[in-house]
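Listed below are the residues making up each chain.
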Amino acid sequence: MTGDPIERLAEELRQAQLDDAVAPWIPPEDLSAREVCLLPLPEGQDILGPIAQVGGRLVIGGRSGEGKTTFVIAIAKAVAEGTQFLEWTGGGGTVLVIDLEQGQRTVQRRLREVNLDESDNVRYYRIPDGLALDTSSEQEEWLLGRIEKWKPKMVMIDPLYKAHTGDSNDERVMVDMMRRLDKLRDTHGFCLVIPMHLRKLDPRAKDPTMDDIFGSGGLTRGAEVVLGLRMIAPGRSNLYFWKDRDGDLHEYSKWKLDFSREHGFERAVDDTDADIQVVV
């Protein structure tokens, strides 16, 4: 580099512009509908039946203290160990859990409850201070590094509002955040699982809806599957099927679930098709 301070400054500015430049946009392939239907699908498309697909996004809404964390940890076990959860069997493989909320004692209890205390297939990252994936390139690179190292089938981020520094109700912030995460899941072929809190429910409402999920609608708009969980009595919950983009799930509005520490979540014996309203 020349010793002239003006030219040196100009060179530094040019280098800074190169460093900040985004990757060039790559146009999509020009394909006919016939050609699109001939494209091969990724191997092992089902990660956990129709609720968790390769490259998919699964959102689970529930209020604090009503079993949402236990529910998603049970999903993690089924996927990682290839075991059954409700009516679906996991495909086996590594699961990354990015826990931004739970204390160590609670984490250990939840993992022991589902017999994951000796599993190496679940990689657990407890970050109670949260992340700033929207503003910190260092943290974004860390997450990418974990994904590239472990090649997970599933990545859970719980809760999402602590993974970024913006306002969860800001549509632009949430759309930009999900675009980052959606690019990762599409590129690396894992299912992204996002447990979300529900807003304070209207006591007159019999059942919550997808609109009760806290934050911008951009979170659920791009999701393939959106479920809801609500405790209706100790040991009894409702599982709501709020969204199923591909239409492969049961065409019901909800299931009744029983829960015990010994067996986890199970579909209730008295939950018959006659008791369940069909989704319109």
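Okay, so let's go over this structure. The numbers attached to residues start from 1 for each chain and follow its sequence in the written order. At least 70 in pLDDT is required for a residue's local features to be given in this predicted model, at least 80 for side-chain atom pairs to be given and counted, and no such filter applies to totals for whole chains, interfaces and linings, which use all residues. Computation of side-chain values: all heavy atoms of the structure, hydrogens and water removed.

Thoughts on the packing of helix α3 (residues 68-81) against helix α4 (residues 104-113)
Each pair of packed helices gets described by two things: the angle between the helix axes and the distance between those axes.
And then number 1: Between N-to-C directions, angles cover 0 to 180 degrees, with each direction set by a line fitted to C-alpha atoms, over the stretch in contact for helices. Secondary structure elements follow DSSP: runs of H or I of four or more residues count as helices, runs of E of two or more count as strands, with numbering from the N terminus. As a packed pair, α3 and α4 sit with axes 10 Å apart at the nearest point and diverge in direction by 50°. Regarding the angle of α3 to α4, the classification is oblique. Seen from above, α3 lies across α4 with right-handed handedness. Here Thr69, Thr70 and Ile73 of α3 lie close against α4, whose contacting residues are Arg110, Leu111 and Glu113.
And then number 2: In the contact of α3 with α4, the residues fall into two nonpolar, two polar and two charged. Working rule for angles: under 35 degrees goes down as roughly parallel, over 145 as roughly antiparallel, 65 to 115 as roughly perpendicular, anything else as oblique. Helix crossings fall into two classes, left-handed where the near helix is turned counterclockwise from the far one by less than a right angle and right-handed where it is turned clockwise. Whether two residues touch is decided by their heavy atoms; if any such pair falls within 4.5 Å, the residues are in contact. Residues are grouped as follows: nonpolar covers Ala, Val, Leu, Ile, Met, Phe, Trp, Tyr, Cys and Pro; charged covers Asp, Glu, Lys and Arg; every other residue, Gly included, is treated as polar.

Some thoughts on the side chain of Arg185
And then number 1: Its place among the elements puts Arg185 in helix α6 (residues 171-188).
And then number 2: Any N or O atom pair separated by 3.5 Å or less is treated as a polar contact, with the protein-specific requirement of one donor-capable and one acceptor-capable atom, and with residues adjacent in sequence counted only for side-chain atom pairs. Within the local environment of Arg185, its side chain forms a polar contact with the backbone oxygen of Gly55, the two atoms lying 2.5 Å apart.
And then number 3: One polar contact links Arg185 to Glu224, side chain to side chain, over a distance of 3.3 Å.
And then number 4: Leaving out residues up to four positions away in the same chain, Arg185 has contacts with Gly55, Gly56, Arg57, Phe190, Leu192, Gly222 and Glu224.

So, the sheet that holds strand β9 (residues 191-197)
And then number 1: Reading across from one edge, β7-β6-β8-β9-β3-β10-β11-β12-β13 is the order of the nine strands in this open sheet, with mixed pairing throughout. Every other strand in the sheet has two partners, leaving β7 (122-126) and β13 (264-267) as the edge strands with one partner each. The mean angle between the axes of side-by-side strands here comes to 25°, regardless of whether they run parallel or antiparallel.
And then number 2: When strand β6 (residues 95-99) meets β7, the two strands line up parallel, connected through five bridges. From the neighbouring strand, Asp99 faces β7, where its bridge partner is Arg126.
And then number 3: Across the sheet, α3 touches β3 (57-62), β6, β7, β8 (154-158), β9, β10 (225-233), β11 (236-244), β12 (254-260) and β13, and the angle it forms with β3 is around 150°. The rule for pairing is simple: two strands pair if DSSP sees at least two bridges between them.

Digging into the pattern of salt bridges
And then number 1: The salt bridge definition used is simple: a Lys or Arg side-chain nitrogen within 4 Å of an Asp or Glu carboxyl oxygen. Enumeration over the complete set of coordinates arrives at 15 salt bridges.
And then number 2: Linking Glu66 and Arg63 is a salt bridge whose minimum nitrogen-to-oxygen distance equals 2.8 Å.
And then number 3: Residue burial is assigned from relative accessible area. The probe radius is 1.4 Å, only protein chains are included, and a residue is buried under 20% of its type maximum, exposed over 50%, and partly exposed in between. Of the residues examined, Glu66 reaches a relative accessible area of 11% and is grouped as buried.
And then number 4: Between Arg221 and Glu171 there is a salt bridge; the shortest N-O distance is 2.1 Å. You can see Arg221 sitting in helix α7 (residues 218-221) and its partner Glu171 sitting in helix α6, a full 50 residues away along the chain.

Observations concerning the packing of aromatic side chains
And then number 1: Ring geometry is summarised as follows: Phe, Tyr and Trp rings, the Trp one being its six-membered ring, pair when their centres sit within 6.5 Å, and such pairs are stacked at plane angles under 30 degrees, edge-to-face over 60 and tilted between the two. Taken as a whole and assessed by the stated rule, the structure comprises seven aromatic pairs.
And then number 2: Here the aromatic rings of Tyr125 and Trp142 are separated by 5.3 Å at their centres, their planes lie at 90°, and the arrangement is edge-to-face. A residue pair is termed long-range when its members are at least 10 positions apart, and Tyr125 in strand β7 and Trp142 in helix α5 (residues 137-150) qualify at 17 residues.
And then number 3: Residue Tyr125 is classed as buried on the basis of its relative accessible area of 16%.
And then number 4: Overall, Trp142 belongs to the partly exposed group, its relative accessible area being 27%.
And then number 5: Members of the aromatic cluster, connected to one another through ring pairs, are Phe71, Phe85, Phe259 and Phe265.
And then number 6: Either the NZ atom of lysine or the CZ atom of arginine qualifies as a charge over a ring when it sits within 6 Å of the ring centre and within 35 degrees of the ring normal. Here the basic side chain of Arg123 rests over the ring of Trp150, its NZ or CZ set 4.1 Å away from the ring centre.

Here we look at the packing of α5 against α6
And then number 1: Put simply, α5 and α6 touch, their axes get as near as 12 Å, and they point 20° apart. With respect to α6, the element α5 is oriented roughly parallel. Of the two possible hands of crossing, α5 and α6 adopt the one that is right-handed. Residues Glu140, Leu143, Leu144, Ile147 and Glu148 of α5 lie in contact with α6, whose contacting residues are Arg180, Leu181, Leu184 and His188.
And then number 2: Residues of the contact of α5 with α6, tallied by class, amount to five nonpolar, one polar and three charged.

Quick look at a nonpolar patch on the surface
And then number 1: Patch definition: residues with relative accessible area over 30% and no salt bridge; like charges joined within 9 Å; nonpolar side chains (Val, Leu, Ile, Met, Phe, Trp, Tyr) joined within 5 Å. All accessibility values rest on the Shrake-Rupley procedure with a 1.4 Å probe; residue burial counts only the protein chains present in the view. On the surface, a cluster of nonpolar side chains totalling about 230 Å² of accessible area is made up of Leu31, Val36 and Leu39.
And then number 2: With respect to the helices, strands and loops of the structure, Val36 is situated in helix α2 (residues 33-38).
And then number 3: A residue is classified by how much of its surface remains accessible, and Val36, at 43% relative accessible area, is partly exposed.

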